[in-house]
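# What the coordinates show
If you want the building blocks of each chain, they are given just below.
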Amino acid sequence: MVTINENYQKLPGSYLFSEIARRVAAYSEANPAKRLIRLGIGDVTRPLVPAVTQAMHQAVDEMATVTGFHGYGPEQGYAFLREAIAKEDYQARGADIAPDEIFVSDGAKSDCGNIGDIFGVDNVVAVCDPVYPVYVDTNAMTGRAGHYDGDKGRWDRLVYMPCVAENGFSPDIPSQPVDLIYLCFPNNPTGAVATRAQLQAWVDHANATGAVILFDSAYEAFITDPAIPHSIFEIPGAKTCAIEFRSFSKTAGFTGTRCAYTVIPKDLVRGGVALNGMWNRRQCTKFNGAPYVVQRGAAAVYTPEGRAQVRETIGYYLNNARVIREGLAGAGLTVCGGENSPYVWARTPDGLGSWAFFDRLLQQANVVTTPGAGFGPSGEGYIRLTAFGGAEDTVEAVERIKAIL
């Protein structure tokens, strides 16, 4: 008799953004004349930059020739991209990362979920609260999260690390033993960043206890403060305790094109086994590599033209973030983020719940946001707004919100 993975049955309701989409669709169907402005899901709106599309066009032309055709590529990624990443993203910042410690993939979301394949189910997992839902849900799917308590909004085997105003939205090191620690900076959803000293404390803790840090730096390109590290591997000791996930999605507009990479140093060993080799085995078995055309486009990000064009796009979104942050703060809301991050984390007014304020903004201002409660218990009483909309729409959305406060 066929059995199923019962862990899926434990998942509460639907994925956060599916529920948002359901509510938005229902409202739009009932109010077809209303024009919605979407500042909810973190999808980009600016087109791929010319350097990237030119490289992809050239790669397509290559694929149309006998000599330039590429079939199955290396599961780890083509050398031209891995070498560019190692040089420009790490070695240029003083982080000694080699190309063979980099694994190119089709998205950081996939890698953040799939990384659990190389770890035992009995590992104790610590997550920030609020948290990007993928970290929690994928561990629940494999059985590491235990059972879900709907009243508390928590899984009983996960260790929640509150990121709240009282600690500057930066988690404290858990007092209990943990094995896998998910960190994300600049943070999704709060927009908070971590200082060098804060990251050093995490690295020292992981090395002392044998834990592994799973560090999501998908938004590092939005860091403008030169004192803030862009990578966990800028921190001494990180190569023996950390794995890093990065993405071209927000950096270069690849949300629909799909390209990312994971860095696993060869010095990272647990249980007498090098995790670099384990991940390589996993990828060779379950993944056939990101497309050649896409990887050529990603490599163009590191050209002088590509860098300049991508910086211009990042600046466009950061200006949107400034408009949101200053507009909501000026209207009396308490806000975090939006300075080194494309996300603004705003406290709801008058003690409203996150979903209640989401519905109010949707129905009265026709602005789509993301309720903080969907990111975890400590997200209750907040909403997240993204800077990935158009500039004019962002200004209008802020004015609409201010009008109903």
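The structure we're discussing is the one just above.
Everything in this summary refers to the structure shown in the same document. Not measured: the values here are computed from a predicted model. (Residues numbered from 1 in each chain as written. Predicted model: local features only at pLDDT ≥ 70, side-chain atom pairs only at ≥ 80, totals over all residues. Heavy atoms only, no water.)

### Focus: the overall build of the chain
Quick reminder of the rule: Secondary structure is summarised from DSSP: a helix means a run of H or I of at least four residues, a strand means a run of E of at least two, and numbering begins at the N terminus for each. Think of it in three bands: residues with accessible area under 20% of the maximum for their type are buried, residues over 50% are exposed, and the middle band is partly exposed, with areas taken using a 1.4 Å probe on protein chains only. Contacts are assigned to residue pairs with any non-hydrogen atoms lying within 4.5 Å of each other. Note on areas: these come from Shrake-Rupley sampling with a 1.4 Å probe, and a residue is covered only by the protein chains present in the view.
On a plain count of helices and strands, the chain comes out with 12 helices and 17 strands. For the chain, the C-alpha atoms occupy an extent of roughly 60 × 55 × 50 Å along the three principal directions. Burial status across the chain gives 53% buried among its 405 residues. A fraction of 73% describes how many contacts in the chain between residues 6 or more apart in sequence connect residues 24 or more apart. Of the roughly 17000 Å² that the chain leaves accessible, carbon and sulfur atoms contribute 52%.

### Thoughts on the nonpolar core
Quick note on the threshold: Buried Ala, Val, Leu, Ile, Met, Phe, Trp, Tyr and Cys residues that are joined via side-chain atoms within 4.5 Å together make up what is termed a nonpolar core.
In this structure, L81, I85, L183, I213, F233 and F248 are the most contacted members of the largest nonpolar core, which totals 63 residues. Looking at this core, the element that brings in the most residues is helix 9 (residues 292–300), giving six residues. Beyond its immediate stretch of four places on either side in the chain, I213 contacts I181, L183, W202, V203, A206, C241, A242 and I243. Among the nonpolar cores identified, the runner-up in size contains 28 residues, and I115, A140, L214 and I243 belong to it.

### What to know about the layout of surface pockets
Stated formally: Think of a 1 Å grid over the protein atoms and nothing else: a 1.4 Å probe that fits but is trapped marks a cavity, an open set flanked by protein within 12 Å on at least five of seven lines marks a pocket, and residues with an atom within 4 Å of a point count as lining. Grid points are joined across faces, edges and corners, and a volume is the space filled by probe spheres set on the points. Put simply, Ala, Val, Leu, Ile, Met, Phe, Trp, Tyr, Cys and Pro go in the nonpolar bin, Asp, Glu, Lys and Arg in the charged bin, and everything else, Gly too, in the polar bin.
The space that makes up the second largest pocket amounts to roughly 490 Å³. If you trace the second largest pocket, you find 22 residues lining it, with G42, K109, Y132, Y219 and K250 closest to the centre. For the lining of the second largest pocket, the elements supplying multiple residues, two or more each, are helix 4 (108–114) and helix 7 (249–252). Among the elements that take part in the lining of the second largest pocket, helix 4 stands out by supplying three residues, more than any other. Class assignment of the residues belonging to the lining of the second largest pocket gives a composition of 10 nonpolar, six polar and six charged.

### Focus on empty space enclosed by the protein
Within this structure, the stated rule accounts for two cavities of 30 Å³ or more. Approximately 40 Å³ is the volume attributed to the largest cavity. In terms of lining residues, the largest cavity is bounded by C128, P130, V131, Y132, Y135, Y182, L183, C184, N187 and N188. For the lining of the largest cavity, the element with the most residues is strand 7 (residues 180–184), which contributes three residues.

### Focus on the pairing of strand 9 (residues 242–247)
Put simply, the rule is: Being paired, for any two strands, means DSSP has found at least two bridges between them.
Within strand 9, six of the six residues are buried, which leaves it mostly tucked inside the rest of the structure. Residues A242, E244 and R246 line one face of strand 9 and the alternating positions I243, F245 and S247 line the opposite face, and both faces are buried. Where strand 8 (residues 212–216) lies against strand 9, four bridges are found, and the strand directions are parallel. Among the inter-strand pairings, F215 is bridged to a residue of strand 9, identified as E244.

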